Amino acid sequence: RFSNSHIQYIDGREDRVLIFLNIDTGADEFTYKIKAVNKGEFTAPPVYAESMYDRAVRASSIGQTFTIKD
């Protein structure tokens, strides 16, 4: 579930989610939930974004590790 009014299209795939959106010069935040179906330690990969037309415009985040118990 994504919360952003700029989103134009979301393509959910088995191993990733592709989000197409319009952005402006301000900061923006995306919030999403995941559902673990097994116990264990998992790693959410870093988020990577780039402009479709200007490859110099890009952003990334750090990955996150989390543990599911019982």
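Residues numbered from 1 in each chain as written. Predicted model: local features only at pLDDT ≥ 70, side-chain atom pairs only at ≥ 80, totals over all residues. Heavy atoms only, no water.

K.L.:
Give a detailed account of the overall build of the protein, specifying residues and quantitative values.
P.N.:
Counting secondary structure elements, the protein contains zero helices and six strands. Starting at the N terminus, the α and β elements of the protein follow one another as β-β-β-β-β-β. The buried share among the 70 residues of the protein stands at 6%. Long-range contacts, defined here as pairs at least 24 residues apart, represent 36% of the contacts in the protein between residues at least 6 apart. A total of about 6700 Å² of accessible surface is found on the protein, and carbon and sulfur atoms cover 51% of it. (Helix = DSSP H or I, 4+ residues; strand = E, 2+ residues; numbered from the N terminus. Buried < 20%, exposed > 50% of the residue type's maximum accessible area, 1.4 Å probe, protein only. Contact = heavy atoms within 4.5 Å. Areas by Shrake-Rupley, 256 points an atom, 1.4 Å probe, with all protein chains shown as cover.)

K.L.:
Residues and numbers for the pairing of strand 2 (residues 17-21), please.
P.N.:
In this structure, strand 1 (residues 7-12) lies alongside strand 2, joined through five bridges in antiparallel fashion. When the sheet's bridge partners are listed, I7 is paired in strand 2 with L21. Here strand 1 folds back onto strand 2, and the loop between the two strands holds four residues. (Pairing = 2+ DSSP bridges.)

K.L.:
Any details on the side chain of D11? Residues and values, ideally.
P.N.:
With respect to the helices and strands, D11 occurs in strand 1. Engagement of the side chain of D11 in a polar contact is seen with the side chain of R13, the distance being 3.0 Å. For D11, the residues in contact, after removing those within four places along its chain, are R16, V17 and L18. (Polar contact = N/O pair within 3.5 Å; in protein donor to acceptor, adjacent residues only side chain to side chain.)

K.L.:
Tell me about the pattern of salt bridges, and please be specific about residues and values.
P.N.:
Summed over the entire model, instances satisfying the criterion amount to three salt bridges. In this structure, R16 and D15 form a salt bridge, with 3.0 Å as the shortest nitrogen-oxygen distance. (Salt bridge = Lys/Arg side-chain N within 4 Å of Asp/Glu carboxyl O.)

K.L.:
Outline the confidence of the model for the protein, supporting the account with residue identities and numerical values.
P.N.:
For the protein, per-residue confidence averages 80 on the pLDDT scale, and 87% of positions sit at 70 or higher. Summarising per-element confidence for the protein, the mean pLDDT is lowest in strand 2 (82) and highest in strand 6 (residues 64-68) (90). (pLDDT = per-residue confidence, 0-100.)

K.L.:
Lay out the environment of V37 with the relevant residues and their values.
P.N.:
Along the chain, V37 turns up in the loop between strand 2 and strand 3 (40-44). Note: C-alpha distance between V37 and I68 (31 residues apart in sequence) is 9.2 Å.

K.L.:
Mind laying out the environment of A59, listing which residues take part and the relevant values?
P.N.:
Among the secondary structure elements, A59 is positioned in strand 5 (residues 58-60). Taking the C-alpha atoms as reference points, A59 and Y48, 11 residues apart in sequence, are found 6.0 Å from one another. Setting aside anything within four residues of it in sequence, one finds A59 in contact with V47, Y48 and A49.

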